[in-house]
Amino acid sequence: MRNVKLLWGAVVFLLVVTVGLTGIVARMLGTPRAEGETVKQGEIKEPEKKEDRVLARIGDREIKESDLTQNLINRHGAELLNQMLDREAIQQKADKIGLKLEREELDREIKRMQQGYDSEEQFYTAMKEQIGLSKEDLREDVYYKLLLEKIATNGIQVSDQEVDAFMKAHPEEFRSIVQYRFQQIISETLEQANKTIELAKGGRDFAALAKERSLDTATANDGGDMGWIDENDPFVAASIMKAVQSLKVGEISKPISFTDGYAVVKLNDRKEMNKGNQEEIRESLRKQLALQKAKPLKEVTQELRDERNAVILDAELRK
């Protein structure tokens, strides 16, 4: 599911500036970052006075912590402050009406996001290495997203009949999906593809061959590894997917003709991904349908801020 990872990475990258820098700017603005699973911000406190540390030197110029912090505030302060106000408004509203997000709900959503990764550890490592998002930052962001959805859908009813009707109209969304983990080597000619097969069957490592011979620059350095791919992935050529589905685990294909040349693939694993049990599917769908009936989340957030009389006092940050 390489493409899913890339798309997810692109989306989450937009969170890095706000989430990754919140801790630094929060100290200047006086609001402590959320900690642990409660992620509830405390009362605004006066920042403690401390020494202005020297963070770097270049020539006779010293760059102090206050320089870095002020630079961050100038560039990202308004965005960060608005995020903090949004989150505080969400939490205060949830506390007022008695809504809570259970740890199991947060874990379930995180697990859903991990689809396409081999393990939870690999998922968090990828988020950290690719976009600088820590496990705690990600869980904090998801926490507020889910809590806001709860607020937005509070009191909205979705009947069993509505759920049944949607499932009947869209059965393809609820069936299990088979995923395949395979490597590929792309060649320009049939002769080159046959040579790849000859070398692989002669004992050469398939990953090493991919690095040496594959024209697919996106996967060659990874030994041709495509990651976990859905059986209906639109980014994989139909002829390649058909060949993958016909292979046994560990088997190497014959040359596969497609628009960009010839492919040779090796199937490493397969697994069936289901949407959960019937109860989980229906509850997830009920939530989706409720969100469709609810006001847009951005509008809900603004209403929550207005309700709590949120105001940005600093003229520069207000811009």
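Residues numbered from 1 in each chain as written. Predicted model: local features only at pLDDT ≥ 70, side-chain atom pairs only at ≥ 80, totals over all residues. Heavy atoms only, no water.

Per an unreviewed UniProt entry, the protein chain goes by the name peptidylprolyl isomerase and belongs to Paenibacillus contaminans. In its Catalytic activity (unreviewed entry) section, the UniProt entry covering the protein chain states "[protein]-peptidylproline (omega=180) = [protein]-peptidylproline (omega=0)". (UniProt positions renumbered as here; feature names shortened; annotations may be inferred.)

**Q** If you had to explain the packing of helix H3 (residues 103-113) against helix H5 (residues 135-153) to someone new, which residues and values would you point to?
**A** Running from amino to carboxyl end, H3 crosses H5 at an angle of 115°, the nearest separation of the two axes being 10 Å. Regarding the angle of H3 to H5, the classification is roughly perpendicular. Note that H3 runs across H5; the crossing there is right-handed. Facing Glu105, Leu106, Asp107, Glu109, Ile110 and Met113 of H3, the residues of H5 in contact are Leu138, Arg139, Val142, Tyr143, Lys145, Leu146 and Lys150. For the contact of H3 with H5, a count of residues per class yields 7 nonpolar, no polar and 6 charged. (Axes fitted to C-alpha atoms, helices over the stretch in contact; angles between N-to-C directions. Helix = DSSP H or I, 4+ residues; strand = E, 2+ residues; numbered from the N terminus. Parallel < 35°, antiparallel > 145°, perpendicular 65-115°, else oblique. Left-handed = near helix turned anticlockwise from the far one by under 90°. Contact = heavy atoms within 4.5 Å. Nonpolar A, V, L, I, M, F, W, Y, C, P; charged D, E, K, R; others polar.)

**Q** Mind laying out the sheet that holds strand S6 (residues 261-273), listing which residues take part and the relevant values?
**A** Sheet strands pair via backbone hydrogen bonds, and the direction of the pair is either parallel or antiparallel. Pairing in this open sheet of 4 strands is antiparallel, and the strands run S4-S3-S6-S5 from one edge to the other. Two strands bound the open sheet, and with one partner strand each, they are strand S4 (225-230) and strand S5 (256-258). Averaged over all neighbouring strand pairs, the angle between strand axes comes to 45°, with direction disregarded. With 4 bridges joining them, strand S3 (residues 177-187) and S4 adopt antiparallel strand pairing. Each bridged residue has a counterpart across the sheet, and for Tyr180 the counterpart in S4 is Ile229. Relative to the sheet, helix H7 (residues 190-201) contacts S3 and S6, its axis offset from that of S6 by approximately 50°. (Pairing = 2+ DSSP bridges.)

**Q** A description of the environment of Ile73 should follow, citing residues and the corresponding values.
**A** Structurally, Ile73 can be placed in helix H2 (residues 65-97). Ile73 gets classed as buried once you look at its relative accessible area, which sits at 13%. Along the chain, Ile73 and Glu316 lie 243 residues apart, while their C-alpha atoms are 9.8 Å from each other. (Buried < 20%, exposed > 50% of the residue type's maximum accessible area, 1.4 Å probe, protein only.)

**Q** An account of the pairing of S3 is requested, with residue identities and associated values reported.
**A** Across the 11 residues that make up S3, a large majority, 11, are buried. The side-chain alternation of S3 yields two buried faces, one formed by Ile177, Gln179, Arg181, Gln183, Ile185 and Ser187 and the other by Val178, Tyr180, Phe182, Gln184 and Ile186. Relative to S6, S3 runs antiparallel, the two sharing 11 bridges. Residue pairing in the sheet places Ile177 in a bridge with Met273 of S6.

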